[in-house]
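What follows is each chain in one-letter form.
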Amino acid sequence: PGHRLVCGQRGQVRAGARAIAVSTRSLEWIVERLLFLCAALSVLTTAGIIAVLAAETVEFLREVSIVEFLTGTEWTPLFANQRFGVLPLVAGTMLVSTIAMTVALPMGLLSAIYLSEYAPSGLRRVVKPVLELLAGVPTVVYGYFALTFVTPLLQRLFPTLSGFNALSPGLVMGLMILPLVSS
């Protein structure tokens, strides 16, 4: 009671007649060291990940030739006769990405134009946060949704569609990237 705290020069705080010295230099030194340790840990973690990946890659390429890996047309790593051709994986990725872009680009551009130019402000206030929520859903959830919900629906429309297909993940991936396109 009756004490006033007055901030002085160089980080000194005066309480009445007594001066309590707060060394900002030592505090800054501690913070700098902690930040350096955090940065160093991040760099070391990244270097560790790269080292493990490089070691596993070298081990893999001792068993499988790079030519076979890059030009092979079969990917059967769990079969008795293992094949490690990466072309089916690249082709599948390109197919699913093409389907996703075919869905997301028109829907995203049209929704962005509508929301920015034509939508009433009340609708805009509701739809924009919903789109932002879609961006926060983990990709594993989208994959599970594609496998367990979208695929059975598509199999009703296309009875010969297999359980593992490119259409279902392509459609769901298009929905997943819709917030990025429409923003």
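Residues numbered from 1 in each chain as written. Predicted model: local features only at pLDDT ≥ 70, side-chain atom pairs only at ≥ 80, totals over all residues. Heavy atoms only, no water.

**Observations regarding the overall build of the chain**
Counting its regular elements, the chain contains six helices and five strands. Taken over 183 residues, the chain has a buried fraction of 19%. In the chain, once contacts between residues fewer than 6 apart in sequence are set aside, the share between residues at least 24 apart is 37%. For the chain, the exposed surface amounts to about 14000 Å²; the carbon and sulfur share of it is 71%. (Helix = DSSP H or I, 4+ residues; strand = E, 2+ residues; numbered from the N terminus. Buried < 20%, exposed > 50% of the residue type's maximum accessible area, 1.4 Å probe, protein only. Contact = heavy atoms within 4.5 Å. Areas by Shrake-Rupley, 256 points an atom, 1.4 Å probe, with all protein chains shown as cover.)

**So, the packing of helix α4 (residues 121-135) against helix α6 (residues 167-182)**
Any two packed helices are characterised by how steeply their axes cross, that is the angle between the axes, and by the distance between the axes. Relative to each other, α4 and α6 sit at 125°, their axes nearing to 8 Å. In terms of orientation, α4 and α6 fall into the oblique class. With respect to the hand of their crossing, α4 and α6 are arranged in left-handed fashion. Residues L131, L134 and A135 of α4 form the contact with α6, whose participating residues are L175, L178, P179 and S182. Of the residues that constitute the contact of α4 with α6, the class distribution is six nonpolar, one polar and no charged. (Axes fitted to C-alpha atoms, helices over the stretch in contact; angles between N-to-C directions. Parallel < 35°, antiparallel > 145°, perpendicular 65-115°, else oblique. Left-handed = near helix turned anticlockwise from the far one by under 90°. Nonpolar A, V, L, I, M, F, W, Y, C, P; charged D, E, K, R; others polar.)

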